[in-house]
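# Structural description and commentary
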Amino acid sequence: GLGARRAAEMVPAGLAADLGCGPGLLVIELARRAPGLRVVGVDVSSEMLAQGEERARQSGVEEHVSFRLGDVERLPFPDASLDLVVSTLSLHHWADPLPVLDEMARVLRPGGSFLVVDLRRDMPAAAYLLLWFAQHVVVPPALRYIGEPLGSRNAAYTPQEAMTLVEGSALEGGKVTAGPLWLTIEGAMPG
């Protein structure tokens, strides 16, 4: 899954949080890949969190995971308490990403790692057409109604914009890498 393998390599043990966890897919995959991690999924939707808890039970990882209602701009964790913070496909939903990145920095321990994966707004035309096709032809009507995935791509950042965001935030040591469709912000706070 998107980001889970990389995140498990970065921090195989400790306390991790997935911001904007939705129905808990990444939380569960991360718990599977890194049994030494305790993973907390944070989301503003209690409905999503309930789905995550149910999925975790079905997957047999409920000992390793938990779900918390919370706002990404005011994370429900004390300062310097987490070893890893991940977020996939959420960055473009945040009205103002800067306070969220600052919150990541606040809750990470010295040496703690962060990984943010999102769509690229400047993805190539071929990929854009593929997404358009997915949205208009393949995607279930409910999602089509809210304009995903094109809504996401239009709201997403270019790699340059992402780097500017990181540089303006309290996160240190972050670098942005860009794949064909994705961009990744990753790094570790100074130890």
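Residues numbered from 1 in each chain as written. Predicted model: local features only at pLDDT ≥ 70, side-chain atom pairs only at ≥ 80, totals over all residues. Heavy atoms only, no water.

### As for the pattern of salt bridges
Using the criterion set out here, one finds nine salt bridges in the structure. The closest approach of N and O atoms between Glu54 and Arg57, which form a salt bridge, is 2.8 Å. Taken together, the positions of Glu54 and Arg57, both in helix 3 (residues 46-59) and three residues apart, correspond to about one turn of that helix. Glu54 sits in the partly exposed class, given a relative accessible area of 35%. (Salt bridge = Lys/Arg side-chain N within 4 Å of Asp/Glu carboxyl O. Helix = DSSP H or I, 4+ residues; strand = E, 2+ residues; numbered from the N terminus. Buried < 20%, exposed > 50% of the residue type's maximum accessible area, 1.4 Å probe, protein only.)

### Some thoughts on the sheet that holds strand 3 (residues 65-69)
Hydrogen bonds between backbone atoms are what pair the strands of a sheet, whose relative direction is either parallel or antiparallel. Pairing is mixed across the open sheet formed by seven strands, whose spatial order is 3-2-1-4-5-7-6. Strand pairing shows two members of the sheet lacking a second neighbour, strand 3 and strand 6 (175-178), which therefore form its edges. Taken pair by pair, the neighbouring strands of this sheet meet at an average axis angle of 20°, ignoring direction. Packed on one face of the sheet, helix 2 (residues 25-33) meets strand 1 (13-19), strand 2 (36-43), strand 3 and strand 4 (82-88) and runs near 175° to strand 2. Where helix 4 (residues 97-107) meets the sheet, it contacts strand 1, strand 4 and strand 5 (108-119), and its direction lies at approximately 150° from that of strand 5. (Pairing = 2+ DSSP bridges. Axes fitted to C-alpha atoms, helices over the stretch in contact; angles between N-to-C directions. Contact = heavy atoms within 4.5 Å.)

### Considering the pairing of strand 2
Counting buried positions along strand 2 yields six of eight residues, so the element is predominantly enclosed. Bridge count for strand 1 against strand 2 is seven bridges, and the pairing is parallel. Considered in strand 2, the bridge of Asp18 is made with Gly41. Considered for its hand, the β-α-β crossover made up of strand 1, helix 2 and strand 2 is right-handed. Pairing analysis gives five bridges linking strand 2 to strand 3, with the strands arranged parallel. Pairing of Asp43 across the sheet is with Leu69, part of strand 3. With helix 3 bridging strand 2 and the parallel strand 3, this β-α-β connection has right-handed handedness. (Right-handed = clockwise from strand over helix to strand, strands pointing away.)

### Considerations on the confidence of the model for the protein chain
Mean pLDDT for the protein chain: 85, with 81% of residues reaching 70 or above. Per-element confidence in the protein chain ranges from a low mean pLDDT of 49 for helix 6 (residues 141-145) to a high of 97 for strand 3. (pLDDT = per-residue confidence, 0-100.)

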